[in-house]
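Spelled out from the first residue to the last, the chains are:
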Amino acid sequence: MMKRLFAVMLLCFTYAAFFSIVADAQRIENTNPNKQFIPDKSNHVRNEVVIPDFAGYKVLKGDFHIHTVFSDGVVWPTYRIQEAWRDGLDILAISDHIEYRPHSQYINADRNTSMKIAAPEAEKLGILLVPATEVTREQGVIGHFNAIFIKDAELMNLEDPKEALREARRQGAFIFFNHPGWKMDTLVFSPFQKELLEEGLIDGVEAVNGFEFYPRAISWCKDLNLTLFATSDAHDPVPVYFKYDRR
Ligand SMILES: [Zn+2]
Ligand SMILES: [Zn+2]
């Protein structure tokens with residue numbers, strides 16, 4: 001009985017595949033009768049985001065805060081590049097945490113590995129990949145900081161967070177203060193963060209992190225001459241927000 005049911009199911013599937021092929025026959029380019037291709041109807045198109053260049057500057061669309069399985073994300077690094085391409089980005093920083101690596105029991109390569117894995121895919125799809133990392137300490141006291149344009153994340157694996165950021169600075173990194181309002185009721189600079197500002201170790205602040213928006217961060221950037229960031233901080237796969245209209 002089970003065998004017959006399986007045979008019927010297989011037949012149904014085969015018929016469905018066959019009629020799908022017939023319906024798209026004109027779109028099948030390969031004419032080899034022994035190997036034909038079922039048309040890929042998935043949404044493998046780039047959603048171009050058009051923002052004009054201005055004042056002689058080239059405008060790039062990017063995300064400078066994203067995670068993979070090499071810290072606490074659940075996505076493989078090459079897939080991050082494919083998502084970025086799909087969503088029309090030009091530049092991407094993979095910023096896995098230095099200290100927080102909950103999958104390290106299974107994935108315990110060095111802290112530059114996610115970028116090494118992503119690099120060939122980025123090259124292939126024309127995405128500028130920025131080496132980065134996230135220095136991660138207690139929120140509200142020390143906080144989280146992204147260092148982008150780093151050279152070696154391993155050298156930033158230091159006990160003292162200020163030393164880690166100084167190392168980032170030695171590597172020529174650009175450093176920004178992440179999600180200042182996450183888990184907080186209000187936005188204030190902690191004594192440690194004030195020290196960082198005085199030492200010139202903060203270049204920017206996130207005003208948008210994922211689905212959170214911190215209006216006060218805009219005033220901080222304006223008053224302190226810092227760069228404003230909006231990032232995804234995605235840990236899960238990035239959903240297809242923008243549907244390409246094929247009509
Ligand atoms: Zn963080
Ligand atoms: Zn993060």
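Structure: see above.
Criteria and cut-off values
Residues numbered from 1 in each chain as written. Chains lettered and ligands numbered in written order. Predicted model: local features only at pLDDT ≥ 70, side-chain atom pairs only at ≥ 80, totals over all residues. Helix = DSSP H or I, 4+ residues; strand = E, 2+ residues; numbered from the N terminus. Buried ≥ 20, exposed ≤ 12 C-beta atoms within 10 Å, placed from the backbone. Contact = placed C-beta atoms within 7 Å. Pairing = 2+ DSSP bridges. Right-handed = clockwise from strand over helix to strand, strands pointing away. Axes fitted to C-alpha atoms, helices over the stretch in contact; angles between N-to-C directions. Left-handed = near helix turned anticlockwise from the far one by under 90°. Nonpolar A, V, L, I, M, F, W, Y, C, P; charged D, E, K, R; others polar. Core = buried A, V, L, I, M, F, W, Y, C linked by C-beta atoms within 7 Å.

A.B. asks: Please set out the overall build of the protein residue by residue, giving values where relevant.
C.D. replies: Per the secondary structure count, the protein includes six helices and eight strands. Each helix and strand of the protein, ordered N terminal to C terminal, gives the series α-β-α-β-α-β-β-α-β-α-β-β-α-β. Residues counted as buried form 30% of the 247 residues belonging to the protein. In the protein, once contacts between residues fewer than 6 apart in sequence are set aside, the share between residues at least 24 apart is 63%.

A.B. asks: Lay out the pairing of strand β3 (residues 128–136) in plain terms, naming residues and giving numbers.
C.D. replies: Most of β3 is tucked away: seven of the nine residues are buried. Sheet analysis places strand β2 (residues 91–94) next to β3, joined by four bridges and oriented parallel. By the bridge assignment, Ala93 is partnered in β3 with Val130. Regarding topology, helix α3 (residues 113–125) serves as the crossover connection from β2 to the parallel β3, and that connection is right-handed. As defined by bridge partners, β3 adjoins strand β4 (residues 144–148) across five bridges and the pair is classed as antiparallel. Within β4, the residue paired with Thr133 across the bridge is Ala147.

A.B. asks: Give me the lowdown on the packing of helix α2 (residues 77–86) against α3, citing residues and values where you can.
C.D. replies: Relative orientation of the contacting elements α2 and α3 amounts to 35°, with a least axis distance of 7 Å. The element α2 and its partner α3 pack so that their crossing is right-handed. Contacts between α2 and α3 involve Pro77, Thr78, Arg80, Ile81 and Trp85 from the first element and Ser114, Ile117, Ala118, Glu121, Ala122 and Leu125 from the second. Class assignment of the residues belonging to the contact of α2 with α3 gives a composition of seven nonpolar, two polar and two charged.

A.B. asks: Any chance you could break down the nonpolar core for me, citing the residues and the numbers?
C.D. replies: Of all hydrophobic cores here, the largest spans 38 residues; its most connected members are Leu92, Ile127, Ala147, Leu165, Ala168 and Ile175. Once residues lying within four places of it in the same chain are set aside, the contact partners of Ala147 are Ala132, Thr133, Val135, Met156, Leu165, Ala168, Ala173 and Ile175.

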